[in-house]
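# Survey of secondary and tertiary structure
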Amino acid sequence: MKNFNIEGNIVDVINQRIFKGYVVVSDGKIVDVVETDVQSDNFILPGLIDAHVHVESSMLVPSEFARIAVTHGTVGTVSDPHEIANVLGADGVRFMIENGKKVPFKFYFGAPSCVPATPFETAGAEINANEIEALLKSDDIYYLAEMMNFPGVLSGDEEVMKKIAAAKKYNKPVDGHAPGVLGADAKKYASAGISTDHECFTQAEAIDKINSGMKVQIREGSAAKNFEELIPLIEKYSDEIMFCSDDKHPDNLAQGHINQLVTRALAKGYDFFKVLKVCTVNPVKHYNLDAGLLQKGDAADCIVVDNLEKFNVIKTFINGELVSENGVTKIESCKVTPINNFCAEKISASDIAVKAETKKINVFKAFDGQLITQSLIEDAKIVDGNIVSDVENDNLKIVVLNRYKKSKPAIGFIKNFELKRGALGSTVAHDSHNIIAVGADDESIVKAVNAVIEQQGGVSCVDGDEKNILPLPVAGIMSNADGYEVGKQYAVIDAKAKSLGSKLNAPFMTLSFMALLVIPEMKLSDKGLFNGNRFEFTSIYIK
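Rules used in this analysis
Residues numbered from 1 in each chain as written. Predicted model: local features only at pLDDT ≥ 70, side-chain atom pairs only at ≥ 80, totals over all residues. Heavy atoms only, no water. 1 Å grid on protein atoms, 1.4 Å probe; cavity = no way out; pocket = protein on both sides within 12 Å on 5 of 7 lines; lining within 4 Å. Points joined across faces, edges and corners; volume = space filled by probe spheres on them. Helix = DSSP H or I, 4+ residues; strand = E, 2+ residues; numbered from the N terminus. Nonpolar A, V, L, I, M, F, W, Y, C, P; charged D, E, K, R; others polar. Pairing = 2+ DSSP bridges. Axes fitted to C-alpha atoms, helices over the stretch in contact; angles between N-to-C directions. Patch = residues over 30% accessible without salt bridge, like charges linked within 9 Å, V, L, I, M, F, W, Y side chains within 5 Å. Areas by Shrake-Rupley, 256 points an atom, 1.4 Å probe, with all protein chains shown as cover. Salt bridge = Lys/Arg side-chain N within 4 Å of Asp/Glu carboxyl O. Lys, Arg positive; Asp, Glu negative; His and termini not counted. Charge placed at Lys NZ, Arg CZ, Asp CG, Glu CD. Buried < 20%, exposed > 50% of the residue type's maximum accessible area, 1.4 Å probe, protein only. Arc of directions from axis to C-beta. Contact = heavy atoms within 4.5 Å. Polar contact = N/O pair within 3.5 Å; in protein donor to acceptor, adjacent residues only side chain to side chain. Core = buried A, V, L, I, M, F, W, Y, C linked by side-chain atoms within 4.5 Å. Parallel < 35°, antiparallel > 145°, perpendicular 65-115°, else oblique. Left-handed = near helix turned anticlockwise from the far one by under 90°.

So, on to the layout of surface pockets. In this structure, the largest pocket encloses a volume near 360 Å³. For the largest pocket, the lining is made up of 21 residues, of which Pro116, Ala117, Thr118, Pro119 and Asn149 are closest to its centre. Counting only elements with at least two residues in the lining of the largest pocket, the list comes to helix H5 (150-155) and helix H6 (158-169). The element best represented in the lining of the largest pocket is H6, accounting for three residues. Here the lining of the largest pocket is composed, by residue class, of twelve nonpolar, five polar and four charged.

Moving on, we come to the sheet that holds strand S8 (residues 141-147). Pairing between the strands of a sheet comes from backbone hydrogen bonds, and it takes one of two forms, parallel or antiparallel. Taken together, five strands build an open sheet; the order of strands is S5-S6-S7-S8-S9 and the sheet is parallel. Here the strands that pair on one side only, and so sit at the sheet edges, are strand S5 (48-53) and strand S9 (174-176). Recorded for the sheet is a direction-independent mean angle of 25° between the axes of neighbouring strands. The pairing of S5 with strand S6 (residues 74-79) spans four bridges and is parallel. In the strand pairing of S6, valine 53 is matched with serine 79.

Right, let's talk about unusual backbone geometry for a bit. In this structure, the amide linkage connecting valine 115 to the following residue, proline 116, adopts the cis form with an omega of 0°. As for its position among the elements, proline 116 is in the loop between strand S7 (106-111) and helix H4 (129-136). With an omega of 5°, the peptide bond running from histidine 430 to aspartate 431 counts as cis. Residue position: aspartate 431 is located in the loop between strand S24 (423-426) and strand S25 (435-439). In this structure, phenylalanine 311 is a non-glycine residue whose phi angle is positive, near 60°. Along the polypeptide, phenylalanine 311 turns up in the loop between strand S13 (302-305) and strand S14 (313-318). Positive phi outside glycine occurs at histidine 433, with the angle close to 60°. With respect to the helices, strands and loops of the structure, histidine 433 is situated in the loop between S24 and S25.

Residues Glu126, Glu131, Asp157 and Glu159 make up a contiguous surface patch of negative charge. Tracing the backbone shows aspartate 157 in the loop between H5 and H6. Among the residues examined, aspartate 157 registers a relative accessible area of 32% and is labelled partly exposed.

Our next topic: H4. Among the residues making up H4, those that are buried are Ala129, Ile132, Leu135 and Leu136. What you see down the axis of H4 is that its buried residues fit within an arc of 115°, all on one side. Seen from the buried face of H4, the exposed residues on the opposite side, beyond 90 degrees, are Asn130 and Ala134. If you follow the buried residues of H4, they end up packed against helix H3 (90-100), S7, S8 and H6. N-cap assignment for H4: the residue whose side-chain oxygen lies 3.1 Å from the backbone N of asparagine 130 is asparagine 128.

Turning our eyes to something else, we now look at the environment of glutamate 131. Note that glutamate 131 resides in helix H4. Residue classification places glutamate 131 among the partly exposed residues on the basis of a relative accessible area of 32%. Once the C-alpha coordinates of glutamate 131 and alanine 111 are considered, the two residues, 20 residues apart in sequence, prove to be 9.1 Å apart.

Once that is clear, we can look at the nonpolar core. If you look at the biggest cluster of nonpolar residues, it comprises 175 residues, and the most contacted ones within it are Leu45, Phe243 and Phe417. If near-sequence neighbours (up to four positions away) are discounted, leucine 45 is found in contact with Val11, Phe272, Leu276, Leu294, Cys302, Ile303, Val305, Leu308 and Phe311. Core analysis: the next-biggest nonpolar cluster, separate from the first, contains 13 residues, Phe19, Cys302, Val304 and Phe317 among them.

Looking now at empty space enclosed by the protein. Scanning the entire structure with this criterion turns up three cavities of 30 Å³ or more. Taken as a whole, the largest cavity holds about 70 Å³ of empty space. In this structure, the largest cavity is lined by 14 residues; those nearest its centre are His54, Glu146, Met148, Phe513 and Leu516.

Right, let's get into the pattern of salt bridges. Counted according to the given criterion, the structure contains 36 salt bridges. In this structure, lysine 106 engages aspartate 290 in a salt bridge whose closest nitrogen and oxygen atoms are separated by 4.0 Å. Placement of the pair is lysine 106 in strand S7 and aspartate 290 in the loop between helix H14 (281-287) and S13, with a sequence separation of 184 residues. Here lysine 106 falls in the buried class, since its relative accessible area comes to 7%. By relative accessible area, aspartate 290 is classed as partly exposed at 46%. Notably, a salt bridge pairs lysine 360 with aspartate 379, separated by 2.6 Å at the nearest N-O pair. Of the two residues, lysine 360 is situated in strand S18 (residues 360-366) and aspartate 379 in strand S19 (residues 373-379); the sequence distance between them amounts to 19 residues. The network of salt bridges with shared partners includes Glu220, Glu228, Arg264 and Lys268.

Moving on: the packing of H4 against H6. Two packed helices can be described by the angle between their axes and the distance between those axes. Contact geometry for H4 and H6: axes closest at 9 Å, N-to-C directions at 15°. Taken together, the axes of H4 and H6 are roughly parallel relative to one another. Between H4 and H6 lies a crossing whose hand is right-handed. Listed contacts from H6 to Ala129, Ile132, Glu133 and Leu136 of H4 are Glu159, Lys162, Lys163, Ala166, Ala167 and Lys169. Looking at side-chain class alone, the contact of H4 with H6 contains five nonpolar, no polar and five charged residues.

These figures capture arrangement, not role.
Shown next as structure tokens:
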């Protein structure tokens with residue numbers, strides 16, 4: 001690799017200094033940092049790290065994710081391949097690792113700890129404690145990914161504790177996932193070896209987790225948005241905080257990444273070095289990453305920005321290679337052969353008919369920008385002896401269909417999607433990625449479901465005879481097409497979903513979490529309506 005210098009105002013986050021000078025790069029390493037007067041007024045900083053993300057949720061394979069992320073100054077991601085693992089097991093994890101190696105970007109993958117996430121849904125694979133240990137043994141795996149089974153941790157479940165023990169054996173950190181777990185339970189959870197949590201949605205919960213010994217990852221993704229609530233923590237707890245996106249749809253990724261959180265935090269007046277520390281130093285130190293921090297001897301992973309307010313990224317370097325310049329990626333697309341696990345068969349309207357056994361029903365309410373739901377009791381709309389979507393009162397039918405084997409659809413009712421007509425369907429449905437759909441009438445729901453079945457995976461939007469579909473042939477959750485084109489296609493189908501009446505910021509992302517059983521209060525799996533507070537199935541009917 002060539003030798004060169006980068007001139008400008010050097011931002012030394014470690015020593016909290018900014019000084020004129022140049023960085024000497026040779027063979028991908030920083031061999032010297034020289035303080036001297038130079039002409040350039042640009043600023044040189046360490047590259048940004050997303051401390052927790054599911055790359056699959058971008059609907060892009062890692063190589064395409066990287067092409068876009070670098071334009072925003074991201075040089076690496078702490079990536080949990082949990083989504084593809086639930087479809088394809090350890091083979092899916094290996095696919096992500098190998099695809100990520102095809103591009104100059106630093107993917108730090110974890111071993112998915114909860115596949116399947118719960119026994120109350122059907123996943124496409126299982127990863128047991130022995131397979132977890134085999135993954136953690138690899139130098140390509142940096143940590144044990146989010147331990148969603150917090151009840152198993154608190155109860156000392158044997159299989160759960162074996163997975164945590166394997167991480168400790170190889171001196172690799174364990175990520176957490178414990179929404180609403182507080183006090184003595186939070187301390188017990190942390191003491192088992194859990195080191196982070198990205199599910200806090202109040203400052204009180206975050207402080208409780210920090211006091212229990214965990215680091216808190218402030219999440220701002222396409223669906224869950226906790227930045228505004230949690231960013232004040234940076235004043236007192238900057239050593240215990242990291243930034244993450246968790247889930248980022250392709251159109252949102254094209255607009256920005258961790259750089260957006262930096263600019264928002266700076267605009268609020270928070271200390272510059274504290275802000276930079278949470279998205280550079282903290283994740284690098286916590287996960288023992290080989291990403292550079294602009295110090296002599298580090299990998300040349302750095303960015304150049306024009307100012308420290310708007311934070312416009314002019315150049316991004318990874319291991320000394322210029323991977324982005326003036327918002328244009330220099331990473332080439334690479335050919336990707338899809339892998340999948342898909343066996344679902346088309347359904348008809350009769351398959352999702354709900355007989356009216358009672359006049360009152362359980363309904364769960366989605367919230368914009370949150371993964372939690374609220375359990376409600378509502379009046380059923382009954383037509384010809386069946387309970388149907390009630391558009392006027394926004395109680396819409398929601399369906400989950402097993403994609404791994406022929407099965408009957410599970411059915412529930414949901415509030416806050418506000419569709420006035422048509423339906424949305426998707427095979428992006430955390431955690432097991434079965435088929436999920438919501439709609440204003442049964443015929444539209446069936447069309448939306450069958451549209452994604454025809455493509456062996458994708459997201460669909462149906463409006464009468466009009467049908468929009470974004471195919472996702474890789475595991476039914478990712479595209480193998482150009483990332484920017486996928487982003488454009490997704491923006492079109494997202495706009496179409498909103499034209500049906502939905503006021504949600506990200507209707508498809510919100511829909512994808514309505515089968516996520518580990519987040520309360522109520523969700524729907526392919527096996528039925530599930531009470532996330534009691535961790536048991538419940539009925540649609542209120543008798």
